[in-house]
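Remarks on the overall topology
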Amino acid sequence: MPSRIGVLEASRFLRTRDELVADGHSDRDIRRLVEDEDLVRVRRNRYVDALTWNRLWNEGRHLLQVVATHLNCDPPGPVFCGPSAAVLHGLPLYRHAPEKVHAVIMGRRHGRSRAGLMWHFVDAAAGDIVEIDGFRCTSLERTALDLATALRPEAGLSAVDAALRSVAVSGHVQDEDAAQRWRADLLQHAASRHDRGIRRAREIIDLADGRAQLPGESVSRWRMHQLGYRDVLLQVHIPCPGEEFWMDFGFPRARCFGEFDGEGKYVDPALTSGRSTSEIVLAEKRREDLVRGVTGWRTARWGHEHIRTPDALAARLAAFRIPPPG
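Residues numbered from 1 in each chain as written. Predicted model: local features only at pLDDT ≥ 70, side-chain atom pairs only at ≥ 80, totals over all residues. Heavy atoms only, no water.

1. Examining the pairing of strand β4 (residues 101-105)
Within a regular strand, side chains alternate between the sheet's two faces. In terms of burial, β4 is a largely internal element, 5 of the 5 residues being buried. By the alternation rule, side chains of β4 split into V101, A103 and I105 and H102 and V104, which are all buried. Both β4 and strand β6 (residues 117-121) contribute to a ladder of 5 bridges, which runs parallel. Note that in β6 the partner of V101 across the bridge is L117. (Buried < 20%, exposed > 50% of the residue type's maximum accessible area, 1.4 Å probe, protein only. Helix = DSSP H or I, 4+ residues; strand = E, 2+ residues; numbered from the N terminus. Pairing = 2+ DSSP bridges.)

Structure below.
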């Protein structure tokens, strides 16, 4: 199952030629391991075990590429931007697998690509550059705006939601004043830009909500937005005897809750807290029974296959007798 890693884990996973040789591998062995796909050459002189590489999501693989690029450069290293800054900030890249590492050239009016590294001109103010664990990159706000501009809207919204969550959400509760200030600041930055995709980025920023806990919830909300839903409740608080729950979505006209049910909830170690799949399924059933007993509302569930297109989600909602907007 894919897993998540941070900068420090990525640094530990990467190995140099000298380290492999010290473990008894010759240059011929290294070439053979790469050819046999037992070892992945991430960047020049930077390798990772194929088992580690294969279990990572796109974000983890790209983070390895970013870290390898940084380690191969003279200090202080490049200023990473776009998706390469996103993985340093821990933002999702929903179904986006960058082919190159993206970094900033100050004072250049065009981008260029060389040896797996895509250089971009960025007219960045001093506050747009931050440092994370010794890696320089564009700020959280600048990165979120860049992703909203450049990526597909569902990926852009997932990233902007996650960025907003990190600054305005505690648990399931969003500080609406802080969220509105953050959106306004991002829109102010967007007003000075005229690059392709900026109009859609403004729409994404207006729609951003940090209460989305997973990209699947963000993408679900984007699909609902495309379908015309405007009155859907988010993270609905349900007090139950002795405990409380939050449901991802609420459809008042249908008296139905909606839950995005990605498989990660049941099998990803980062989300299961050591519980077995069967334990999580039983806990979910118990939660749904309690919520229905307290509210009288049904629960609709959907997964990744239902949010690939607006029509797919519309069909799923219709199956649970949730009416179209109107």
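From this point, the narrative continues.
2. Things to note about the nonpolar core
The biggest cluster of nonpolar side chains holds 71 residues, and the ones touching the most others in it are L64, L88, F251 and W302. In terms of residue count, the dominant contributor to this core is helix α8 (residues 153-168) (7 residues). Sequence-distant contacts of L64, that is, excluding residues within four places in its chain, are made with I5, A10, F13, L14, V42, V48, W53 and L56. In terms of nonpolar packing, the next biggest core, distinct from the first, is built from 8 residues, M247, F257, V291 and W297 among them. (Core = buried A, V, L, I, M, F, W, Y, C linked by side-chain atoms within 4.5 Å. Contact = heavy atoms within 4.5 Å.)

3. Some thoughts on the packing of helix α7 (residues 140-150) against helix α9 (residues 176-191)
The interhelical angle for the contact between α7 and α9, taken along N-to-C directions, is 65 degrees, at an axis separation of 10 Å. Along this stretch, α7 crosses α9, giving a crossing that reads as right-handed. Side by side, α7 and α9 meet where E141, A144 and L145 of the first sit next to W182, D185, L186, H189 and A190 of the second. A per-class count over the contact of α7 with α9 returns 5 nonpolar, 1 polar and 2 charged. (Axes fitted to C-alpha atoms, helices over the stretch in contact; angles between N-to-C directions. Left-handed = near helix turned anticlockwise from the far one by under 90°. Nonpolar A, V, L, I, M, F, W, Y, C, P; charged D, E, K, R; others polar.)

4. A few points about helix α5 (residues 58-71)
With 14 residues, α5 should reach 20 Å at 1.5 Å per residue; the first-to-last C-alpha distance of 20 Å fits that figure. A large share of α5 lies buried, amounting to 10 of its 14 residues. Buried within α5 are the following residues: G60, H62, L63, L64, Q65, V66, V67, A68, T69 and H70. (Expected span 1.5 Å × (residues − 1).)

5. As for the sheet that holds strand β13 (residues 256-260)
Taken together, 4 strands build an open sheet; the order of strands is β11-β12-β13-β14 and the sheet is mixed. Strands with a single pairing partner mark the edges of an open sheet, and in this sheet they are β11 (233-240) and β14 (298-302). Strand-to-strand twist of the sheet, defined as the mean angle between neighbouring strand axes without regard to direction, takes the value 45 degrees. Relative to β13, strand β12 (residues 243-251) runs antiparallel, the two sharing 3 bridges.

6. A short note on the environment of I205
By the element assignment, I205 lies in helix α10 (residues 198-207). Judged by relative accessible area, I205 falls into the buried class, the value being 0%. Distance from I205 to G242, taken between C-alpha atoms, is 37 Å for residues 37 residues apart in sequence.

7. Brief notes about unusual backbone geometry
The residue after P75, namely P76, is reached through a cis peptide bond having omega 5 degrees. Relative to the elements of secondary structure, P76 occurs in the loop between α5 and β3 (79-80). One non-glycine residue with positive phi stands out, namely N45, at about 65 degrees. The class of N45 is partly exposed, set by a relative accessible area of 29%. With a phi angle near 50 degrees, D133 is a residue other than glycine that sits in the positive phi range. Inspection of the secondary structure puts D133 in the loop between β7 (129-132) and β8 (135-138). Judged by its relative accessible area of 53%, D133 falls in the exposed class.

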